[in-house]
Amino acid sequence: MKVLFATSEARPLVKTGGLADVSGALPAALREIGVDCRLLLPGYHAVIAGAGNQREIARLNDLPGFGEVRLLEARMPDTDVPVYIIDYPWHYQRDGGPYQDASGHDYPDNAWRFALLSRIAALLATPLSPLEWRPDVLHCNDWQTGLAPAYRHFIGGGAPTLMTIHNLAYQGIFPPDLVGPLGLPASSFQVEGVEYYGNLSFLKAGLYYADWISTVSPTYAEEIQTSPLGMGMEGLLASRRDRLTGILNGIDMADWNPSSDLHLPCEYSARAPSGKKRCKLALQQDLNLEIDNDTPLVGVISRLTYQKGIDWIVAIAERLVADGAQLAILGKGEAAIEQACLALAARHPGRVASVIGYDEGLSHRIEAGSDIFLMPSRFEPCGLNQMYSQRYGAVPVVFATGGLKDTVEDGVTGFVFTEPSVDGLWRAVQRALSLYHDKPAWRRLMQAGMQKDFSWEASANQYTWLYQLLVLAH
Ligand code: ADP
Ligand code: GLC
């Protein structure tokens, strides 16, 4: 089984969120069970600088709208997974992030940048590919690769396509007059096609033309077939429900392992948990929180967006502090939410610490140093931090949605609340805080989470079955 995994970010080369964790880990897990999975990535600075053993394998001169595009073959650092890199500096080698410039504005030519990624993904999956290696399945991820199933459909022939939704909130919506220039037939611009409320949607294109759709948890697969979590795509998704599967993400159990984590001041495990206390004291010191092992330390690591329910956390913060807890927030995102977090820390020195920025090492140290982890997302396709938290003995408090509901067991490995409100969150936090002082009960909760198996193996097997089904049905 050969699979081309097309994605716009992959750890450790380039990451803005969970998609990068999945793209970094799933292909490697697939290779371990015998699937020849290879990545396709845009050649951002970080990718060109970080991928090993690069060599040119093709030059593409006849892509309408683009100049000469070079295709490189290389290896992912750490895992050695083969990666095809689209070397087109004009589109990809920029100073900012993969989607936005340094000041947080979307690049104005994102439609072109990700149409190119989609186009090459499709090309490599058809008989027109310049490469000898031809995938049996083209696996696309999120809107950035959403046009690939459409291009593959219009080229005709080639591998079946799987479109994975990591987050339906990002739909890749662009003006309708790009349809022709991007090489899509005018006839595709209709409800039964790429059109979405008068615009062109890359994600809709993927959901409409892909042979199969998957998303990253069984609960989210159900939720997106109705409003509001279908975010306008619920009709299409419900009509394709017999080709829509939820496969839960795993986590990188080697990267996120408290007994061998080089980011931590000290190691610990479910069997030998005492090091967690040292991690907590070191974190309190690092973040200028009062150093006290008996104070419950509550951690948050998140993109700071509406999705993540950070405003609910801000709303309970005063009560949390009044109840004797500490709060450590690490995040980056919308300016208003960043400001609210900073203001909280300013009001409660020694009790609340807010670090605005992206810091992988600190994210590991917060998981290790926290007693409780908050993730009250309004919706969450899968979510990774609640799994990292269980593994690190930071008992998660989550809203019952998507992958949070599928991975946290209320009263067994964490606290799950069902009323989407500040009060709902607060009641769950109160349950956590009161149990925290019952040491044996708390230890049981921590241990149960730390012993859970969140490895990629089970998911990789499910993807393999799906690939086989797609090949057989094609
Ligand atoms: P999403 O992809 O919606 O942001 P996930 O929970 O799936 O949510 O994945 C988020 C990933 O990004 C996790 O690996 C998390 O640790 C990481 N992360 C988020 N914000 C930060 C930050 N400010 N610093 C370091 N890591 C972060
Ligand atoms: C998205 C989702 C998150 C999921 C991640 C990886 O960013 O918001 O829930 O875990 O993709 O699939």
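Preceding this section is the structure that the text describes.
Here the structure is a predicted model, which means the values were calculated and not measured.

A. Inspection of the side chain of E195 at higher detail. Tracing the backbone shows E195 in strand 9 (residues 195-196). Although E195 lies buried, it forms no salt bridge, and the closest oppositely charged side chain, K204, sits 4.8 Å away as judged by the N-O distance. When residues no more than four places from it in sequence are discounted, the contact partners of E195 are S188, F189, Q190 and K204.

B. Expanded view of the site of ligand 2. With respect to spatial proximity, the complete set of residues near ligand 2 consists of G18, L19, V22, H166, N167, V216, N249, Q307, E380, P381, C382 and G383. Take N249: an N or O atom from its side chain is 2.9 Å from an oxygen atom of ligand 2. Note that an oxygen atom of ligand 2 is positioned 3.5 Å from one of the backbone N or O atoms of P381. Alone, ligand 2 offers 310 Å² of accessible surface; in the complex the protein occludes 93% of this.

C. Structural view of the sheet that holds strand 15 (residues 352-356). Taken in spatial order, the six strands of this open sheet run 15-14-13-16-17-18, and their pairing is parallel. Strands with a single pairing partner mark the edges of an open sheet, and in this sheet they are strand 15 and strand 18 (415-417). Across this sheet, the average inter-strand angle for adjacent strands is 15°, counted without regard to direction. Inspection of the sheet shows strand 16 (residues 372-375) paired to strand 17 (residues 395-399) by four bridges, in the parallel sense. In the sheet register, M375 faces strand 17, and the bridge partner there is V398. Sheet strands in contact with helix 11 (residues 335-347) are strand 13 (297-304), strand 14 (326-333) and strand 15, and its direction is about 145° off that of strand 15. The strands touched by helix 15 (residues 422-436) are strand 16, strand 17 and strand 18; relative to strand 18, the strand with the most contacts, the crossing angle is about 160°.

D. Examining the packing of helix 1 (residues 18-32) against helix 17 (residues 457-473) more closely. One can describe the packing of helix 1 onto helix 17 by two numbers: an axis separation of 9 Å at closest approach and a directional angle of 75°. Between helix 1 and helix 17, the angle falls in the class roughly perpendicular. Counting all contacts with helix 1, which are made through L26, A29 and L30, the residues of helix 17 involved are A460, Y463, T464 and Y467. In terms of residue class, the contact of helix 1 with helix 17 is made up of six nonpolar, one polar and no charged.

E. Highlighting the side chain of S129. Structurally, S129 is set in the loop between helix 4 (110-124) and strand 6 (137-141). Of the polar contacts made by the side chain of S129, one reaches the backbone nitrogen of L131; its length is 3.0 Å. Not counting chain neighbours up to four residues away, the residues in contact with S129 comprise L123, L124 and R134.

F. Representation of the pairing of strand 15 within the structure. Relative to strand 15, strand 14 runs parallel, the two sharing five bridges. Bridge pairing links A328 to A353 in strand 15. Viewed along the sheet, the connection from strand 14 through helix 11 into strand 15 turns out right-handed.

G. Inspection of the pairing of strand 7 (residues 161-165) at higher detail. With five of its five residues buried, strand 7 lies for the most part within the structure. Judged by which residues are buried, strand 7 turns out to be covered on both faces: T161, M163 and I165 on one side and L162 and T164 on the other are all buried. With four bridges joining them, strand 6 and strand 7 adopt parallel strand pairing. Bridge pairing in strand 7 places C140 opposite M163. What joins strand 6 to strand 7 is helix 5 (residues 147-155), and the crossover it makes is right-handed. Both strand 7 and strand 11 (residues 212-215) contribute to a ladder of four bridges, which runs parallel. Each bridged residue has a counterpart across the sheet, and for I165 the counterpart in strand 11 is T215.

H. Up close: the sheet that holds strand 4 (residues 69-75). Pairing within the open sheet is mixed, and its nine strands lie in the order 3-4-5-2-1-6-7-11-12. Strand pairing shows two members of the sheet lacking a second neighbour, strand 3 (52-60) and strand 12 (244-246), which therefore form its edges. Going from strand to strand, the sheet's axes swing by 25° on average, the running direction of each strand aside. Pairing analysis gives six bridges linking strand 3 to strand 4, with the strands arranged antiparallel. When the sheet's bridge partners are listed, R55 is paired in strand 4 with E73. In the packing of helix 17 onto the sheet, the strands contacted are strand 1 (2-6), strand 6, strand 7, strand 11 and strand 12, and the crossing angle to strand 7 comes to about 145°.

I. Up close: the packing of helix 10 (residues 310-322) against helix 15. Running from N to C, helix 10 and helix 15 point in directions that differ by 45°, and their axes come no closer than 9 Å. One element, helix 10, and the other, helix 15, form an angle in the oblique class. Along this stretch, helix 10 crosses helix 15, giving a crossing that reads as right-handed. Here W312, I313, A315, I316, R319 and L320 of helix 10 come into contact with helix 15, specifically with V422, D423, L425, W426, V429 and L433. Within the contact of helix 10 with helix 15, the residues separate by chemical class into 10 nonpolar, no polar and two charged.

J. Structural view of unusual backbone geometry. Cis peptide bonds are those with omega within 30 degrees of zero, and the linkage from R11 to P12 qualifies with -5°. With respect to the helices and strands, P12 occurs in the loop between strand 1 and helix 1. For the bond from S227 to P228, the omega torsion is 5°, close enough to zero to count as cis. Mapped onto the secondary structure, P228 falls in the loop between helix 7 (218-223) and helix 8 (234-239).

Scoring rules and cut-offs
Residues numbered from 1 in each chain as written. Chains lettered and ligands numbered in written order. Predicted model: local features only at pLDDT ≥ 70, side-chain atom pairs only at ≥ 80, totals over all residues. Heavy atoms only, no water. Helix = DSSP H or I, 4+ residues; strand = E, 2+ residues; numbered from the N terminus. Buried < 20%, exposed > 50% of the residue type's maximum accessible area, 1.4 Å probe, protein only. Lys, Arg positive; Asp, Glu negative; His and termini not counted. Salt bridge = Lys/Arg side-chain N within 4 Å of Asp/Glu carboxyl O. Contact = heavy atoms within 4.5 Å. Near = heavy atom within 4 Å. Polar contact = N/O pair within 3.5 Å; in protein donor to acceptor, adjacent residues only side chain to side chain. Areas by Shrake-Rupley, 256 points an atom, 1.4 Å probe, with all protein chains shown as cover. Pairing = 2+ DSSP bridges. Axes fitted to C-alpha atoms, helices over the stretch in contact; angles between N-to-C directions. Parallel < 35°, antiparallel > 145°, perpendicular 65-115°, else oblique. Nonpolar A, V, L, I, M, F, W, Y, C, P; charged D, E, K, R; others polar. Right-handed = clockwise from strand over helix to strand, strands pointing away. Left-handed = near helix turned anticlockwise from the far one by under 90°.

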